Each structure stands twice: as C-alpha cells, then as structure tokens.
Amino acid sequence: MEIKCYSLSVPIKQRLGKLIKSLRQYYYDDARKENGQNDNPYTKINFCKDICHYHTLTKLENSCVREDYIYHQLLKRLGLRFQIREEVHEANMLVVRKLAFQYLDALEYYESKYYEEIENKLIEVNNDCLASLHLEALIFSYDAFYKHQFDKKLIVKFEKIIDVFEEIYQGIIYLTIGFSFHRKMELTTAEKYYLKAIEIFQTFKLNIGLIYFPLGNLYIEMKNYYDALQICNILEEYYIKTSNRNRLLIIYLCLIDYYLFINSLELAQKYTEEVETLLKPEDNYYMWILNCKWGEYELRHYRESQALDYFKKAHNVCQNRDRKLMIINRILMCLSLLKAPTEVLNKYLNEGYHYYLYANDLEKQIFTYFINKINNRPQYYKYVHEIIFPQIKNKIKYHVMTLFFYRDMYIR
Amino acid sequence: MGRLPIDIKKKLGQIIRTERLIRYENHKSQNATKENPYSKENFCKGVCHYHTLNKLEKDFINDSQVYYQLLDKLGYTYNVSYNEHRLLMDTLNTQLYRLLHAMEYIDDDLLRNIMQDLSGLNVQEDCIVYFHVKLMEIANNFQIFKSVNEYELKRIIELRDLYDGVYKGLYYHILGLYYMNNLNLTVAEEHLLQAKNIYHSYNISKGLINTNFISLYMLKKDYVNMVNLCVEMEDHYLETSNNNRLLHVYSSLAEHFLYINALEKAYYYHNKRKELLDREPLLSRFRFSIFYNWGMSLIYIFKYQEAYDYIYQAYQECPFEFMKLRIINPLLFLMTNLKIDEHLVKEVIEEGKRYYDKAIETDQTVFKYFEFRYSNNQYYRKYGLQKIVPLLLEDPERINFAIMLFEDLYD
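What counts and how
Residues numbered from 1 in each chain as written. Chains lettered and ligands numbered in written order. Predicted model: local features only at pLDDT ≥ 70, side-chain atom pairs only at ≥ 80, totals over all residues. Helix = DSSP H or I, 4+ residues; strand = E, 2+ residues; numbered from the N terminus. Buried ≥ 20, exposed ≤ 12 C-beta atoms within 10 Å, placed from the backbone. Contact = placed C-beta atoms within 7 Å. Rg over C-alpha atoms; globule rule 2.2 N^0.38 Å. Expected span 1.5 Å × (residues − 1). pLDDT = per-residue confidence, 0-100. Axes fitted to C-alpha atoms, helices over the stretch in contact; angles between N-to-C directions. Left-handed = near helix turned anticlockwise from the far one by under 90°. Nonpolar A, V, L, I, M, F, W, Y, C, P; charged D, E, K, R; others polar. Parallel < 35°, antiparallel > 145°, perpendicular 65-115°, else oblique.

S.K.: Help me understand the overall build of chain A in this model?
M.R.: Along the backbone of chain A there are 22 helices and zero strands. Projected onto its principal axes, the C-alpha coordinates of chain A cover approximately 80 × 55 × 35 Å. Within chain A, buried positions represent 40% of all 412 residues. If you take every contact in chain A between residues at least 6 apart in sequence, the share linking residues at least 24 apart comes to 56%.

S.K.: Sorry, what's going on with the overall build of chain B here?
M.R.: For chain B, the helix and strand inventory stands at 21 helices and zero strands. Whereas a compact globule of 411 residues would reach a radius of gyration of roughly 22 Å, chain B reaches 28 Å, over 25% beyond that. Here chain B holds 411 residues, and the buried ones make up 39% of them. Taking as baseline every contact in chain B between residues at least 6 positions apart, the subset at least 24 positions apart corresponds to 54%.

S.K.: What exactly am I supposed to notice about the environment of I173 of chain A here?
M.R.: All names here are of chain A. Residue placement: I173 occurs in helix α9 (residues 167–183). By the C-beta count within 10 Å, which is 26 here, I173 ends up buried. The spacing of I173 and F140 is 33 residues in sequence and 8.4 Å in space, taken between C-alpha atoms. In this structure, I173 is in contact with A137, F158, I162 and F165, ignoring residues within four places of it in sequence.

S.K.: Help me out: how do you make sense of helix α7 (residues 127–143) of chain B in this one?
M.R.: One full turn of an α-helix is made of 3.6 residues, so residues set three or four places apart face in the same direction. Residue and element names in this part refer to chain B. Spanning 17 residues, α7 covers 24 Å between terminal C-alpha atoms, matching the ideal 24 Å at 1.5 Å per step. Burial analysis of α7 places 13 of its 17 residues in the buried class, which makes it a mostly covered element. Just downstream of α7 lies F145, where phi reads positive at about 55°.

S.K.: Sorry if this is basic, but what is going on with helix α12 (residues 223–239) of chain B here?
M.R.: When the terminal C-alpha atoms of α12 of chain B are compared, their 24 Å separation across 17 residues agrees well with the 24 Å that a helix rising 1.5 Å per residue should span. Those residues of α12 of chain B hidden inside the fold are in contact with α11 (210–220) and α13 (243–259) of chain B.

S.K.: Is there a simple way to think about the confidence of the model for chain A in this case?
M.R.: Low-pLDDT portions of the prediction should not be read for the details of their coordinates. Taken residue by residue, chain A gives an average pLDDT of 93. The fraction at 70 or more is 100%. Within chain A, the lowest mean pLDDT, 90, falls on helix α6 (residues 115–124) of chain A, and the highest, 97, falls on helix α17 (residues 304–317) of chain A.

S.K.: Whenever I open this one, the confidence of the model for chain B confuses me. Can you help?
M.R.: For chain B, mean pLDDT is 93; residues scoring 70 or higher make up 100% of the total. The ipTM, which scores confidence in the relative placement of chains, is 0.79 for this predicted complex, and the corresponding pTM is 0.79.

S.K.: Explanation requested: the interface of chain B and chain A in the structure shown.
M.R.: The figure often quoted for interface size is the accessible area lost as the parts come together. Taken residue by residue, the interface counts 18 residues in chain B and 19 residues in chain A. Contributing elements (two or more residues each) for the side of chain B that touches chain A: α12 and α21 (399–410) of chain B. If you tally residues by element for the side of chain B that touches chain A, the top one is α21 of chain B, at five residues.

S.K.: I'm lost on the environment of I349 of chain B in this one. Help?
M.R.: Residues and elements named next belong to chain B. As for its placement among the helices and strands, I349 is situated in helix α18 (residues 342–355). We classify I349 as partly exposed; it has 18 C-beta atoms within 10 Å. I349 sits 57 residues away from Y292 along the chain, and the two C-alpha atoms are 18 Å apart. Apart from the residues lying within four places of it in its own chain, the contact partners of I349 are F370, E371 and Y374.

S.K.: Is there a simple way to explain unusual backbone geometry in this structure?
M.R.: Across residues other than glycine, the phi torsion is negative in most instances, and most of the peptide bonds are trans. Residue and element names in this part refer to chain B. Its identity is not glycine, yet I106 carries a phi of approximately 45°, on the positive side. On the secondary structure map, I106 appears in the loop between α5 (82–105) and α6 (108–120). A positive phi angle, near 55°, is found at N376, a position not held by glycine. In this structure, N376 sits in the loop between α19 (361–374) and α20 (380–392).

S.K.: Looking at this model, I keep getting lost on the packing of helix α18 (residues 321–337) of chain A against helix α20 (residues 361–374) of chain A. Mind explaining?
M.R.: Helix packing geometry: the angle between the two helix axes and the distance between the axes. Residue and element names in this part refer to chain A. Viewed as axis vectors pointing N to C, α18 and α20 meet at an angle of 40°, and their least axial separation amounts to 9 Å. The chirality of how α18 crosses α20 is left-handed. Across the interface between the two elements, L325, M326, N329 and L332 of α18 pack against E363, I366, F367 and F370 of α20. Looking at side-chain class alone, the contact of α18 with α20 contains six nonpolar, one polar and one charged residues.

S.K.: What's the story with the environment of L218 of chain A in this structure? I'm lost.
M.R.: All names here are of chain A. Mapped onto the elements, L218 comes out in helix α12 (residues 213–221). Along the backbone, L218 and C254 are 36 residues apart, and their C-alpha atoms lie at a distance of 9.3 Å. Here L218 is in contact with H182, L187, A190, E191 and Y194, once residues within four sequence places are set aside.

S.K.: I would appreciate a short explanation of the packing of helix α15 (residues 287–300) of chain B against helix α16 (residues 304–317) of chain B in the present structure.
M.R.: Residues and elements named next belong to chain B. Two numbers describe how α15 lies on α16: the axes approach to 8 Å, and their chain directions differ by 155°. The angle between α15 and α16 places the two elements in the roughly antiparallel class. Between α15 and α16 lies a crossing whose hand is left-handed. On α16, the residues touching R287, F288, F291, Y292, W294, G295, L298 and I299 of α15 are Y304, E306, A307, Y310, I311, Q313, A314 and E317. A class-by-class count of the residues in the contact of α15 with α16 yields 11 nonpolar, two polar and three charged.

Printed below as a string of structure tokens:
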C-alpha cells in the first residue's frame, strides 16, 4: 500500500521517534536472541539503510528530524502506519483514553465489558499506529484478566516499549504484567509490577477498589499476612459500600485463608458462609478456590481424608486449566498418604496429563514425581531431592509439601 | 446485738441465701433421698416462718435477731456495730486500691504485703467484710497464678449482689479471668467488659484490665483488636513506667507478628522487649520463657541459627529442672540440622541425661533418639521412624521438627 507523506508536528515526531526507537530495539534484541551475533536487520545501520543516514536515525530516535517522509518510511519498516491527519489522531487518542478509564472501571468490578468496543475501535484506527498500540495493550490486559491468556511475547514487548504509552496505559500494562507473574506464582516479581501500577494509578486518584485489589490476594499467597490483612479490611468495607460482589468474594477468600492460617475456625467459617451467601451457581472460580483453601487447611492438620473431599470438590468445579494440575496434585498427595489403590491414583494421573502444559513449573515437577512413583520408577527419590526440594525447602509456603514428600517416600 | 441498718440487712440476707443454697445443693448431691436441713422449711425451723425467710432472702425483714440466728446456723457472725463495720470497710478500701495497683504493675512484693495486712484484719466478727476479703484473696491468687479453691470461687460467684462499687468491678474482673482460663471466651469477654466499665466509672487506670483484653483477643485470635489495643497500651505503660505490662505488650506484638510472618515488625517489638529485659533487672524472671518462645517461633520460619542461639540462652537461664530436657530437645534438633561439631552435641546430650528423670515422658522419648543417634547405635533410624515421627505428626505445630528429623534420617 502506498504511503502518503502526512506532515507531522514536532510533538508527534517526538512520539513516533520514541516508538521507532523502542520497537527497533525490541526487534533488535529479539533477532539477536534468535540468530545470535549474525547480521541483525535492526541495528541502526541496517535498519535505516536506503531511508536515511545512521546519524539521522540517531537524531530521530533521540529528538526529531525535519523530514516527515523518514518517519513514515521507518514506521513502514516496522510494519506500522501513521496515515492520518493529526486532528484525527488526537480524536483517536481521546477515545483511547476514555476506553482506558472505562476498562479500569469495569476491571474494578471484574465485569467483562468493552471488549467489542475496543476491538471495533482497533479496526477503526488501523492507520494510527499510536492509537492501535494503546488499544492492543487493552486487549492484552483483557485477555489476561478475563480469559487468563498470557502472551509471553507481548509481555516482553510492552514492557520494553512502555515509554511510548500514555501514563494510564503504562499503569494498565504494569498491572497486567504483574498479574501474569502472579498467575505463574512468581510472587515477588508480581509485587514489583503491581506496585509500579499502583504508583501510576494513585496519580490519577483512581478508586481504592481498583488500586489495591491485586495486593490482597498476592500478599496472602506470599504469606505476608500483615499487609494482606490491612488491605483486606479496607477493601472489605469499600466493596460492601460499592456493592462490588466479585471483588468482595475475593477479599472474603483472602480472609478465609488468613483465619485458617491462624487457626481461627470460627471466623474462617463466618467468612465461608458469607461467600456461600454471595455465590451464584455459575461462580465456579470462587468455589474451587474456597474448597482448595479448606483442603489446604485440612492437609496442614494431617486430615488427608477431609482434605481429599475438599480437593475433589475443587476439582469438579474448577474450569481454569492453568490451575487444574495443582488441584490434581493435591488430590494425588492425599490419595498417596491414604495409601489409595494404584487404579485410583492412575485415574487422576491420566487426567493430569491433559493439564500438564498449562501448569507452572513446580506443579509440573510434582506431577512428574507422581508419574515416576506410581509407575515404580526408582528415580523419583533422586528427582525429589535434586529437583523439587531445592525449590520448596525452608519456605513456609511449602512446609506441608516438604513434609509430604518425606512421608510419601519414606513411611511405608 | 442491736438493730441492723437496712443496707446491712440486705447484705446479710444475700450471704444467708447464697450460703444456704450452696449447702442445700451440697447436701442434696451427697444425700439424695434424705431430708435436707438447708431447705427453706428446715433451715428456718425454730427461728422464723418460711415466708419470713423468703422475704429476708429477697429483700429484708424488720427483726434483726432473725439475721443473727440464721447466720449462727451457718457458722457466720455479724457482731460489730455499724461504725465498726464502716471502719473495717474503710481499711479494706485502702487495701483494695493497693491491690488493684499491685495487680496493674504486677508487683508481687506489694501483693504479699497486702495479703499479710489482710490476714491481720479481724474479720471473723463481720461476715460482710470477710467475704470482701475473700474476693481480694481470690484476685490475688489469680494474679500470682495460684490455684483457686473451686468451692470458694463458686460462693463468691453466687454473692454477686453483695459487692458494690469498685468491688463489683473486681468481682467481674475475677470472673472474666476465670472464664478466660477455662477458654469460655465469650462469657469471659462479657465479664471483663462489665469490669472495665465499672473501673472506668471509678477512674481506675485502664492499665489494670487492658492486658487481660490483649490476652483475650489473642485467645480469640482477634488479632486486629489485639494489635490496636497493644499499640494503645504501649503508650500508656510507657507513660506510667509500667515495665512489666509493657513487656507483656511487646511480647504479644513480637510473637504475633512473627506468627503471621511480618518479620520486620516482629523484630522491632522483639528488640524493644530485649532492651527492656536488659535494662530492668526485675524482669529477669521472664527472660528464659521469652527466649524459649522466641526461639521456637524462629524455628517455624526456618531461622535455625538464630533459633539455636535463643534456645541455648533459654536453656542456660531456665531455673526449672523439669523444663531442661524440653529445651534440650529442640536444641539437639537444631544442632544436628546446623551440623554443629559432634563433640558439642555430645556434651549437650550428657547434660540432658542429668535432667532425664525429671522430664515428662514425651521429652524423654525424643531425647532417646539423640542418645541413640550420637552413640552410633544403628537402631536410631528405626527408632526415629517408628517412635519419633508419629509423635511429631500428632501436632501440626511440630512440623519443622518432623522435617528436621526426616532431613537427619534421609538427606
């Protein structure tokens, strides 16, 4: 398609220059990873060949250059277009900004709205690479939060080119990256990104219900109960006031975790009842989490049979394929400690294979342990001592799991 | 024996009713079928009509002589003039405020002096004062963790309406502590709240009862209220230089924060209590238990080297021989895990042998593992797996020891 040479103002040139620089560097790194030190089309020299001088590119990337056509040519080389008048671009960006706040508003309530609107707008702005990029970031976030789909390449890309985005979008990207690490149970990294997002959201004076929602659950998983409780107490009150059922359910689940941790069964039971009151039949997501929390509690108290009941319930309702293997592993733990017959163990083992790919590394390794053990492959001892123990030993979070392996391997 | 004023009659009526009923129940439980001398009809026989007794027990009657005779039947006396009674009560009131002060500051010497002073009071002729003294004695026993005679406590509980003013506060306070010790926490809270309100209306320092609320919240696992109250009381105890109670506040916070893995805060309060312990020689009696508990908590978060240092210090400072082996066992677990020089481990085992007979069976069983282990007895693996593992798996709180044992056996 022919490129029209729209004239560009200095501020737009600066933004496009920044975009060209960030993307070029991102593609440069990517190509280097793929092809090593071989000829890289994204070195400055190669990238600007036949379009401008190396020094012009340097100038363009760091401030701006006079010639408009250079921008358009370089963008084309990156597969981007800025084929609109500036007034149209400004109008696009107004919509893009509005959509960001609408999206965040829906995210606060965990309501899956605006997806179509974002997609439609994305088609509309296909000639405006800046607006498109922002909307792609919204889709990226939507997929993560509502579909639990995480595109690893996009995570790296958006982080690398973060400066190109408007500030509110930077917040959304950090929040989403944080969430992707959270789902992978890389909790310290998740916290780092969440805090970056929070810092940005605070400058926009967004609602506390949006700003702090990721932290309650994260701190519970990190066993940082002090900070978790502070946040949960504030958010509980706030979500009740704003009738935010979805988020309130998560807060209740956090509080159940906390009260089970401190063995305060009365309060754990109270919040469980609150959850059950709020739950609708289709709320599988909250239901499996609730059952897992009680299952973990029972397992911690060496009541494997009761724990098994909870994990089975969780297994029956869980539709998150990235969590299925975790639940299956817990079921196998209970069954193994209860000395269940091999055919019962095999049933869950066979099911586990379906979810293997979606699980995090540790769950995959635990599952591998069961494969080896149930199939009487003696290497499972070595596997636990060399592969699993280094990851779980001396961590409060994995107390029970550590003990499980010893009991399972050495108590006949 | 002259005429009794109405307020005295009402109090004596209370005593007569309570004492008669306690004895009635007592007699009934021991002699189910026999006639009960403490039934209303039998008890007033030869003294007054059944209805008169009824009225006396519920309100009051005109004839003072009936009171004297009925008290006599129960073995109690009220043989003082109104002025003498008031004088005794005034003396007692002074002691009451001293008692509350001693309780607030955990001043055991002062408590001993008060009890001595009370024993010097001639209360046999005034049963009203006698029961007030009994209330104070029970408060003292609760304070110094001395066992309380259930029969006496029951009598005091039944005498609720005998006590007025600050005594009523003390009454509810004692009951709150009693129910708390029996883990009846809801009832305990109700009573402690009553006491708190009464103390407040008499301007009694909040420092007296609030540490009981801290303990109550801890038992209820209501850590939000516990932490808030601790923070409030830290300021109060600093202002009133009440180091004993301040130590209690710091300990509650340190242990709680460690428990919920808030290490920075835990160490902050732990260091504060350590400073206090180092500064105040009078607090030295708490050192061993604080170091022991802290060490045990550190084990839970895998800070083994630090836990070892604290538990070793607790061992050195522990004055109770029956506790020594209990401290030595975790020490041996840690020494084994930390791969401390075997000679040193063997020295500790030799010390443990000295306290073996004084320890309880569980501690002895665990200790034996290390005896076998370090005397190269091949049986130690079997013993560990068959005897110690099941023992450690009985209590989820012992999870770290179970893991340490497995590590020792199989890593």
